[in-house]
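Each chain, written out:
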Amino acid sequence: MSPQWVTGNRWSGCLAGFSGLVGQLGLALTLLLIAQIARAQTIAPEKLQLCASCHGVDGRSAVPGTPHLAGLQTSYFVRQMEDFRKGRRKSPVMQAVMTGLDDKDFALLATHFREQKPPEPGKGDPAMLRKGKDIFMEGIVASAVPACSGCHKEDGTGTNRYPRLAGQQPQYLVEQMLNYKSGARDNDDRSLMRAVAQRMTEAEIRAVAEFIVTMKGDEE
Amino acid sequence: MTHHITTTLLRARVAISAVAHRLAGFLVGVCMLAGWSVAALAADQLAVFGDKRYEWGKLLPEQVEVFRLTGDIERGKEAFRGCRGCHKADAGGLSDGTYPRLSGQHASVVIKQVTEVRAGIRVNPKMEPFSSDHAVSPQEIADIAVFLESVQSTRDNGKGPGTLLTLGKSLYDKGQCASCHGEAGEGKAIRAYPVVASQHYGYLVREMELIQKGLRGNSHPKMVKAIAHYTARDIEAVADYMSRMPDYRLALQTRSR
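Residues numbered from 1 in each chain as written. Chains lettered and ligands numbered in written order. Predicted model: local features only at pLDDT ≥ 70, side-chain atom pairs only at ≥ 80, totals over all residues. Heavy atoms only, no water.

## Structural notes on the overall build of chain A
Short version of the rule: We count a stretch as a helix when DSSP gives it H or I for four or more residues in a row; a strand needs E for two or more, and each element gets its number in order from the N terminus. Three labels apply to residues, based on accessible area from a 1.4 Å probe with only protein chains included: buried if under 20% of the type maximum, exposed if over 50%, partly exposed otherwise in between. Contacts between residues were defined by any pair of non-hydrogen atoms, one from each residue, lying within 4.5 Å. For accessible areas, the Shrake-Rupley method is used with a probe of radius 1.4 Å. Any residue's cover is judged against the shown protein chains and nothing else.
For chain A, the helix and strand inventory stands at 11 helices and zero strands. When its helices and strands are written in sequence order, chain A yields α-α-α-α-α-α-α-α-α-α-α. Per-residue burial over chain A gives 45% buried out of 220 residues. Counted over contacts in chain A with a minimum sequence separation of 6, partners at least 24 positions apart contribute 67%. Just so you have it, chain A exposes about 11400 Å², and 59% of that area is on carbon and sulfur atoms.

Structure below.
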């Protein structure tokens with residue numbers, strides 16, 4: 001059960017008590033209100049299924065290259081969804097999905113996935129872990145690549161401004177970084193990721209992605 | 001502390017509490033508006049030295065905007081997250097000087113430099129994307145500036161080889177360094193002259209070389225003139241001396257006891 005439901009019940013309890021004082025009309029209004037709250041705060045199963053078929057109901061994707069959504073910040077989630085809809089972030093699959101969703105759905109889905117248990121860390125390629133960790137924690141001084149940890153935090157859990165990375169699918173991370181590097185993805189709010197990716201080689205990007213999948217995200 | 005009566009403006013600034021910093025940030029801004037316009041009167045005759053297109057003392061519209069804002073240390077700490085990837089969480093930078101130490105730098109200096117990097121006046125392609133108006137808002141620049149002024153990095157800064165310190169001290173004291181950057185390397189907040197004490201040796205050398213070559217882009221004409229005749233050895237000597245000056249806030253406290 002999500003916290004929304006708890007809140008919804010408390011509200012309906014108060015409102016039901018109140019309605020006892022004003023009689024039948026009040027009760028009718030209350031029931032209507034409860035129905036609206038319920039409609040506003042649950043995701044229609046068919047809409048969740050739109051996401052779940054690739055990303056999993058719990059936001060843990062079993063499809064390589066398809067990102068985990070569990071634990072992702074709602075601010076980031078909603079912005080990406082809006083960008084898919086506007087075509088600012090390009091993905092034929094995601095754009096097709098957008099036709100069935102509106103702003104309210106974005107918010108509900110964002111909350112749903114934020115509350116799921118984040119993905120279990122993966123193993124990562126042992127040959128690249130050391131280099132990847134070094135890049136994540138210290139950056140690459142020679143080519144002025146900032147440390148990932150600066151914005152996404154040392155444990156990779158991110159902030160409201162910078163998304164969670166810990167445990168994310170490496171194939172997905174590499175693809176996105178290469179898209180930033182080439183400019184194929186250009187919806188980074190502050191142009192920051194393009195600047196970072198352009199300073200990195202593909203080998204460096206792969207190494208850091210192999211490290212990120214091993215991160216537990218301790219703060220969660 | 002018993003030195004209140006003899007407290008100078010700078011010592012007072014050292015003692016400012018975190019709360020008072022907000023007010024101070026605003027006051028510095030107001031003072032700078034006044035200070036810089038005074039400096040601008042003399043800019044014409046000095047503009048012949050390097051960085052010819054740059055007029056020290058002419059405030060950019062965005063600088064006027066930022067100086068009027070009130071910075072907040074807590075918000076600044078969060079906004080600084082975007083800078084930490086290079087300058088590190090304690091704002092201590094990298095000891096080899098690739099990234100300068102920003103902890104304890106005057107808010108006015110941070111504001112001046114960030115706004116001029118993003119305006120393309122101070123030439124810094126490494127930092128430019130991360131200081132762009134996409135990356136930090138004017139309010140965030142004000143917040144970051146007061147945050148940095150309040151921070152004290154506990155890590156050692158990078159120092160030079162220590163072989164030319166007598167020359168370095170003599171150049172610093174008898175040359176024109178101390179007249180602007182202060183005897184303790186404390187700079188001058190009101191004029192946006194930077195703190196140089198405890199800065200990384202590598203950074204000081206690199207920036208002086210850029211200033212000499214006219215490649216930094218936003219140097220004070222007096223600064224360009226002061227080191228125009230320096231040899232590479234002079235630069236190393238004075239940089240080493242500055243890198244070994246203790247944190248000016250500690251130095252001024254000790255001296256006033």
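Next, the rest of the story.
## A look at the domain arrangement of chain B
Residues and elements named next belong to chain B. Rule in force here: Start and end positions for the domains come from either an automated domain assignment or a database one. Summed over both partners, the accessible area (1.4 Å probe) lost when two parts come together is defined as the buried area. Just to be clear on terms, a salt bridge is a Lys or Arg side-chain nitrogen sitting within 4 Å of an Asp or Glu carboxyl oxygen. Definition of a polar contact: a pair of N or O atoms within 3.5 Å, with one able to donate and the other able to accept a hydrogen when the atoms are protein atoms, and with sequence-neighbouring residues admitted only if both atoms are side-chain atoms. The classification used treats Ala, Val, Leu, Ile, Met, Phe, Trp, Tyr, Cys and Pro as nonpolar, Asp, Glu, Lys and Arg as charged, and all other residues, Gly among them, as polar.
Per the domain assignment, the segments making up chain B are domain 1 (16-150) and domain 2 (165-256). If you look at the interface, domain 1 gives 36 residues, while domain 2 gives 30 residues. Summed over both sides, the interface of domain 1 with domain 2 buries roughly 2800 Å², with 53% coming from carbon and sulfur. At the boundary of domain 1 and domain 2, one finds one salt bridge. The closest approach of N and O atoms between R122 and E207, which form a salt bridge, is 3.2 Å. The tally of links from domain 1 across to domain 2 stands at 16 residue pairs in polar contact (both at pLDDT 80 or more). For the side of domain 1 that touches domain 2, the elements supplying multiple residues, two or more each, are α2 (18-41), α7 (107-118) and α9 (138-150). Broken down by class, the residue content of the side of domain 1 that touches domain 2 amounts to 15 nonpolar, 14 polar and seven charged.

## Side note on the packing of aromatic side chains
Applied cut-off: Centres within 6.5 Å are what make two rings of Phe, Tyr or Trp a pair, Trp counting through its six-membered ring; a difference in plane orientation under 30 degrees is then read as stacked, over 60 as edge-to-face, and the rest as tilted.
Tallied over the entire structure, the rule returns six aromatic pairs over all chains. Taking 5.9 Å as the distance between ring centres and 35° as the angle between the ring planes, the aromatic pair formed by F77 of chain A and F113 of chain A counts as tilted. Of this pair, F77 of chain A sits in helix α4 (residues 74-86) while F113 of chain A sits in helix α6 (residues 103-114), placing them 36 residues apart in sequence. Taken together, a centroid distance of 5.6 Å and an interplanar angle of 50° make the contact between Y172 of chain B and Y241 of chain B tilted. Linking Y172 of chain B in helix α10 (residues 165-174) with Y241 of chain B in helix α14 (residues 232-243), this pair joins segments that are 69 residues apart in sequence. Comparing Y172 of chain B with Y241 of chain B shows no difference in burial state: the two are buried. The rings of Y54, W56 and Y193 of chain B are connected pair by pair, giving a single aromatic cluster.

## Examining the pattern of salt bridges
In total, this model carries 21 salt bridges over all chains according to the counting rule given. Linking K90 of chain A and D186 of chain A is a salt bridge whose minimum nitrogen-to-oxygen distance equals 3.6 Å. On the criterion of sequence distance, the pair formed by K90 of chain A in the loop between α4 and α5 (92-98) and D186 of chain A in the loop between α9 (170-182) and α10 (192-198) is long-range, its members being 96 residues apart. Several salt bridges share partner residues, and in doing so they unite R122, R206, E207 and R216 of chain B into one network.

## Topic: the interface of chain B and chain A
With 20 residues of chain B at the interface, the matching set in chain A holds 23 residues. Counting the surface lost from both chain B and chain A, the interface buries some 1500 Å², and carbon and sulfur atoms represent 53% of this. When the area that chain B buries against chain A is broken down by residue, the three leading residues are R81, F130 and H134 of chain B, summing to 35%. At the boundary of chain B with chain A, the tally comes to three salt bridges. Notably, a salt bridge pairs E138 of chain A with K88 of chain B, separated by 3.0 Å at the nearest N-O pair. Taken together, chain B and chain A are joined by seven residue pairs in polar contact (both at pLDDT 80 or more). Secondary-structure elements contributing two or more residues to the side of chain B that touches chain A are α6 (81-87) and α8 (128-131) of chain B.

## Here we look at helix α7 (residues 126-138) of chain A
All names here are of chain A. Heads up, the condition is: What a helix is expected to span follows from its residue count: subtract one and scale by 1.5 Å.
Between its first and last C-alpha, α7 extends 19 Å over 13 residues, near the 18 Å set by a 1.5 Å rise per residue. Taken residue by residue, α7 has G132, I135 and F136 as its buried positions. For α7, the secondary structure elements touched by its buried residues are α8 (148-152) and α11 (202-212). Where α7 starts, the residue carrying a side-chain oxygen 3.0 Å from the main-chain nitrogen of A127 turns out to be D125. Looking at the residues trailing α7, positive phi occurs at G139, about 75°.

## Some remarks on the environment of R161 of chain A
Residue position: R161 of chain A is located in the loop between α8 and α9. In the structure, R161 of chain A is positioned 85 residues away from Y76 of chain A in sequence and 7.2 Å away in space, judged by C-alpha atoms. R161 of chain A has contacts with R190 of chain A together with E140 of chain B, leaving out every residue within four places of it along the chain.

## Looking at the side chain of E204 of chain A
Residues and elements named next belong to chain A. Selection criterion: As used throughout, the charge tally considers Lys and Arg to be positive and Asp and Glu to be negative, leaving His and the chain termini uncounted.
Examined against the element boundaries, E204 turns out to sit in helix α11. K131 provides the closest opposite charge to the buried, salt-bridge-free E204, at an N-O distance of 5.2 Å. In this structure, E204 is in contact with K131, I135, I140 and R199, ignoring residues within four places of it in sequence.

## Digging into α10 of chain B
Residue and element names in this part refer to chain B. Convention followed: In this description, one arc is meant: the one made by directions from the helix axis to the C-beta atoms.
Restricting attention to buried positions, one finds in α10 the residues G168, L171 and Y172. Summarising the axial view, the buried residues of α10 lie within an arc of 95°, below the 170-degree limit, and thus occupy one face. In α10, the exposed residues that point more than 90 degrees away from the buried face are T166 and K174. Turning to α10, the residues buried within the fold contact α11 (177-181) and α14.

## Examining the packing of helix α12 (residues 201-212) of chain B against α14 of chain B
Angle between the axes and distance between the axes are the two parameters that describe a pair of packed helices. All names here are of chain B. As a reminder, the rule being used: Here the axes come from fitting lines to C-alpha atoms, over the contacting stretch only for helices, and the angles between their N-to-C directions go from 0 to 180 degrees. Oblique is the label for any angle not under 35 degrees, not over 145, and not in the 65 to 115 range, which are roughly parallel, roughly antiparallel and roughly perpendicular in turn. Less than a right angle of anticlockwise turn of the near helix away from the far helix marks a crossing as left-handed, whereas a clockwise turn marks it as right-handed.
The geometry of α12 relative to α14 is characterised by a closest axis approach of 9 Å and an angle of 140° between their N-to-C directions. One element, α12, and the other, α14, form an angle in the oblique class. The hand of the α12/α14 crossing is right-handed. Two secondary-structure elements touch here, α12 through Y201, L204, V205, M208, E209 and Q212 and α14 through I235, E236, V238, A239, D240, M242 and S243. Residue composition of the contact of α12 with α14, by class: eight nonpolar, two polar and three charged.

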